[in-house]
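# Examining the three-dimensional arrangement
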Amino acid sequence: MIQVIQPWRQALATVAVLGALVLGAPAQAAQDGTWAEVRQAGVLRCGAAVSPPYVMRDPKSGEYSGVFPTLCRQFGEEVLKVKVEFVDSNWDSIVAGLQSQKWDVSVSLNDTPQRRQAIAFTEPAVDYSINFTYNQNNPKLPRQINSLADIDKPALNIVVMSGTAADKAISAEFKQARIMRLPGFDETRLALMSKRADLLADDNMTNQLLTAAHGDWATTFTPMPMLGKQGIAFGLRKETPAADIDEFNAFIARKKADGAIDGLVQASIKASLAQAR
């Protein structure tokens, strides 16, 4: 009798072990993911391209500041409990560097359908739309600009940072004006100030800084309806687990609710204006 029952006991024990392994698999999988890897490494790498007041970089120290670097630093230190490092990037490689795992988070990215095909996004931290800054004394421009058609002229040069949401938006709208695509923030502004470009296409807040710093000549045209209206968020790799994105979204929601993001925006505007002077 014992010899008959013993094999069944062994079979039941084997089934129990296999069941425990199966049941344990999801728990193990749940521990894997982007933030688990970051915590294991002990550092959150934030890829950043300069675009004041959202992203600023001290040319001497290399230290990053502004709305999104501050939020990225706070998320790493307060939520993930890790060190935070910033990796220099530009707008042409800000998505590709994320995909190739050169960093874990891309800061200050416009959430567009095209980018969503390649990467994931958090909820927006701030809103965005595109307008145009120009020299009000430029004789090539009409005294009053009422529509995009007024500046879509063959004789006009519009400068924009290459690879940005502004670049994509104006490329779809302008058929006659020449578009100058330059790689960085400083280059585009120098092109406008040196009169190599007639208008600068950029986001509404960044252009607000420029007109505030150069009120003697700089003014802004904002098209209606708003051009390129969207949110600015953090970019994450496409395979980032939903639970990890939710954790970042909860952090952003808390910072919005307590007014911290509004405070960061105002502080960053003031810091940008101080640098410009």
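Before reading further, recall that the structure is shown in the block above.
Computed from a predicted model, the values in this text were never measured in an experiment. (Residues numbered from 1 in each chain as written. Predicted model: local features only at pLDDT ≥ 70, side-chain atom pairs only at ≥ 80, totals over all residues. Heavy atoms only, no water.)

### Here's the deal with the overall build of the chain
The helix and strand tally for the chain stands at 10 helices and 12 strands. Counting the 277 residues in the chain, one finds 48% classified as buried. Here the analysis covers contacts within the chain between residues at least 6 apart in sequence; of these, 70% occur between residues at least 24 apart. For the chain, the exposed surface amounts to about 14,400 Å²; the carbon and sulfur share of it is 54%. (Helix = DSSP H or I, 4+ residues; strand = E, 2+ residues; numbered from the N terminus. Buried < 20%, exposed > 50% of the residue type's maximum accessible area, 1.4 Å probe, protein only. Contact = heavy atoms within 4.5 Å. Areas by Shrake-Rupley, 256 points an atom, 1.4 Å probe, with all protein chains shown as cover.)

### Quick notes on the packing of helix 2 (residues 34-41) against helix 9 (residues 242-257)
Following both chains from N to C, one finds helix 2 and helix 9 inclined at 75 degrees, their axes separated by 8 Å at the closest point. Here helix 9 runs roughly perpendicular to helix 2, going by the angle between their axes. Every residue of helix 9 that contacts helix 2 at Thr-34, Trp-35 and Arg-39 is listed here: Asp-244, Glu-247 and Phe-248. For the contact of helix 2 with helix 9, the class distribution of residues is two nonpolar, one polar and three charged. (Axes fitted to C-alpha atoms, helices over the stretch in contact; angles between N-to-C directions. Parallel < 35°, antiparallel > 145°, perpendicular 65-115°, else oblique. Nonpolar A, V, L, I, M, F, W, Y, C, P; charged D, E, K, R; others polar.)

### Details of the pairing of strand 12 (residues 227-237)
Within strand 12, nine of the 11 residues are buried, which leaves the element mostly enclosed by the surrounding structure. In this sheet, strand 12 lies alongside strand 6 (residues 119-121) in antiparallel orientation, the contact comprising three bridges. The residue of strand 12 that forms the bridge with Phe-121 is Gly-235. Pairing analysis gives four bridges linking strand 7 (residues 126-135) to strand 12, with the strands arranged antiparallel. Residue pairing for strand 12: Ile-130 is matched across the bridge by Leu-227. (Pairing = 2+ DSSP bridges.)

### Considering the packing of aromatic side chains
Taken as a whole and judged by the stated rule, the model has 11 aromatic pairs. Judged by centre distance (6.2 Å) and plane angle (25 degrees), the ring pair of Phe-132 and Phe-221 falls under stacked. Of the two residues, Phe-132 sits in strand 7 while Phe-221 sits in strand 11 (residues 218-221), which places them 89 residues apart along the sequence. Here Phe-132 falls in the buried class, since its relative accessible area comes to 0%. Chaining the aromatic ring pairs together yields one cluster made of Trp-35, Tyr-54, Phe-68, Phe-75, Phe-234, Phe-248 and Phe-251. (Phe/Tyr/Trp six-rings, centres within 6.5 Å; stacked < 30°, edge-to-face > 60°.)

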